[in-house]
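Structural characterization, general
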Amino acid sequence: MACVLLTGGNGYIGSHTTAVLSERGHDVIILDNFSNSGRDVPDRLRRLTGKTFPIIEADIRDTATVTAALAEFPIDAVIHFAALKAVGESEADPLLYYDMNIVGTIRLLEAMQARNIRRIVFSSSATVYGQPDFSPIPEDAPTRVQNIYGRTKLVMENLITDLARTGKLLGAANLRYFNPVGAHPSAMIGETPAGVPNNLMPYVCQVASGIRPFLQVFGSDYDTPDGTGVRDYIHVMDLAQAHAAAVEHLLANDTAFTVNLGTGIGISVLDLVHAFEHANKRKIEYKIVPRRPGDVASYFANPEAAEKLLGWKARLGIEEMCRDAWVWEAKRGGINDV
Ligand code: NAD
Ligand code: UFG
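In what follows, the accompanying structure is described. (Residues numbered from 1 in each chain as written. Chains lettered and ligands numbered in written order. Predicted model: local features only at pLDDT ≥ 70, side-chain atom pairs only at ≥ 80, totals over all residues. Heavy atoms only, no water.)

Quick notes on the nonpolar core
Soluble globular proteins: nonpolar side chains tend toward being buried together. In terms of nonpolar packing, the biggest core is built from 38 residues, with Ile 79, Val 121, Leu 175, Phe 257, Leu 261 and Trp 312 touching the most fellow members. Domain assignment of the residues forming this core places at least three in each of domain 1 (3-180 + 233-261) and domain 2 (200-231 + 264-332). When residues no more than four places from it in sequence are discounted, the contact partners of Leu 175 are Val 121, Phe 122, Ser 123, Ser 124, Ser 125, His 243, Ala 246, Phe 257, Val 259 and Leu 261. Counting 28 residues, the second-largest nonpolar core is a separate cluster that includes Ile 60, Val 66, Ile 102 and Ile 117. (Core = buried A, V, L, I, M, F, W, Y, C linked by side-chain atoms within 4.5 Å. Buried < 20%, exposed > 50% of the residue type's maximum accessible area, 1.4 Å probe, protein only. Domains from an automatic or database assignment. Contact = heavy atoms within 4.5 Å.)

Describing the site of ligand 1
Every one of the 26 residues lining ligand 1 counts as a neighbour, but Asp 32, Asn 36, Ser 37, Lys 85 and Tyr 149 are closest to it. A distance of 2.7 Å is found between an oxygen atom of ligand 1 and a side-chain nitrogen or oxygen belonging to Ser 37. In this structure, an oxygen atom belonging to ligand 1 sits 2.7 Å away from a side-chain N or O atom of Lys 85. Elements supplying a minimum of two residues to the shell around ligand 1: helix H1 (12-23), strand E5 (119-125) and helix H6 (148-165). For the shell around ligand 1, the element with the highest residue contribution is E5, accounting for 3 residues. (Near = heavy atom within 4 Å. Polar contact = N/O pair within 3.5 Å; in protein donor to acceptor, adjacent residues only side chain to side chain. Helix = DSSP H or I, 4+ residues; strand = E, 2+ residues; numbered from the N terminus.)

Details of the packing of helix H3 (residues 63-72) against helix H5 (residues 94-114)
The geometry of a pair of packed helices is captured by two quantities: the angle between their axes and the separation between those axes. Following both chains from N to C, one finds H3 and H5 inclined at 40°, their axes separated by 9 Å at the closest point. In this view, H3 runs oblique relative to H5, as classed from their interaxial angle. You can see that H3 and H5 cross each other, and the crossing is right-handed. Contact residues: H3 offers Thr 63, Val 66, Thr 67 and Leu 70, while H5 offers Arg 107, Leu 108, Glu 110, Ala 111, Met 112 and Ala 114. Looking at side-chain class alone, the contact of H3 with H5 contains 6 nonpolar, 2 polar and 2 charged residues. (Axes fitted to C-alpha atoms, helices over the stretch in contact; angles between N-to-C directions. Parallel < 35°, antiparallel > 145°, perpendicular 65-115°, else oblique. Left-handed = near helix turned anticlockwise from the far one by under 90°. Nonpolar A, V, L, I, M, F, W, Y, C, P; charged D, E, K, R; others polar.)

Observations concerning the pattern of salt bridges
Side-chain pairing between opposite charges can occur once the charged atoms of the two side chains come close. Applying the stated criterion to the full structure yields 17 salt bridges. Among the ionic pairs, Asp 43 bridges to Arg 46, the shortest N-O distance being 2.5 Å. With Asp 43 and Arg 46 both in helix H2 (residues 41-49), this residue pair falls 3 residues apart, about one helical turn. With relative accessibility at 33%, the residue Asp 43 sits in the partly exposed group. By relative accessible area, Arg 46 is classed as partly exposed at 36%. Two residues, Glu 110 and Arg 107, come together in a salt bridge whose shortest N-O distance is 3.1 Å. One end of the pair, Glu 110, and the other, Arg 107, are both in helix H5, 3 residues apart, so they sit about a helical turn from each other. Look at Glu 110 and you get partly exposed, because its relative accessible area is 39%. (Salt bridge = Lys/Arg side-chain N within 4 Å of Asp/Glu carboxyl O.)

Quick word on the environment of Asn 36
By the secondary structure assignment, Asn 36 is in the loop between strand E2 (27-32) and H2. Residue Asn 36 is classed as exposed on the basis of its relative accessible area, which comes to 57%. Along the chain, Asn 36 and Gly 11 lie 25 residues apart, while their C-alpha atoms are 6.9 Å from each other.

Next up, the structure:
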């Protein structure tokens, strides 16, 4: 069993990974500055798992505090979630993104090096592929970042790969997530977007709960089976299991790798709307509106490498994703007839 430090462990994917690691017998330490996650999450995690996880409230750029924190616990590996993640904001404030994501990662790696912690799992994104030539996308497809957020992810991947190549890190995993959705089936933790959701599933949930009158479907003239955008949605619990598998793999093998985390199944916007209606018996009103600038028509993963390397594959389908996303949303909104 390992002791794993999760930067950003209080956030959406980090909190689900905390629950899964704990269930698999690992000790979890959370480092988070609470800039994009709730103060209620630690208590929710305690009620869900029956365990209290040590929390270091710090910014990853604060090397002195992070180094001191790393000395306090016998940490075997770090999972690095902490980052800013909004594409639009990254274009509006590039220096903020370069500082938080890239400088922050360098500071974290320095602190790890000072404490001789030499294994890291990194949250990357399918956004590094930009507009792919074809799907399913293999890991050796060209990377064509289209925005500053994506560029920071690619720089951080390269940074981590270089440290592994030069022997500074013993274990390094770059995990390229496709579209994470859903929530823990207990509905005790989930995603809490601030303001109007940008992403499809949280928006659909808010239409279901009556917060928003209808979904805007951004474009129905794409070259896809029904004309709407196609993505590879992955249940956050499957994603959390993949992180546990990646950490366990790094602890057993000195190795560096980059893998896609997706289901390999392309789902259109209208497929998702219909799956949601079917799973939750709620009507989702929608209107077709023009394309959203910058959107890609279609992309989905080739997920075979993760299965081969880690013995991991996604198990939950779009129905479970819609069901768990909705139960979490409904419970938060006090809707009782779910
Ligand atoms: P999130 O915002 O819910 O979680 C990030 C956590 O990091 C938050 O708790 C936040 O408070 C914390 N944090 C941010 N900056 C920090 C800093 N400087 N120091 C310490 N803590 C800090 O986001 P998420 O959806 O859980 O994403 C986790 C990671 O996965 C991010 O790196 C993100 O870029 C990546 N990712 C997310 C998606 C997605 O669609 N959610 C897709 C691909 C990749
Ligand atoms: N969509 C709508 N209406 C909405 C929101 C989205 O029709 O209100 C459509 C989009 O046009 C797209 C699909 O739903 O076809 C998915 O859109 P999302 O915003 O949910 O997800 P994206 O694939 O655009 O982007 C997400 C993250 C990015 C990340 C990328 C790849 O937001 O940060 O996945 O991991 F880079």
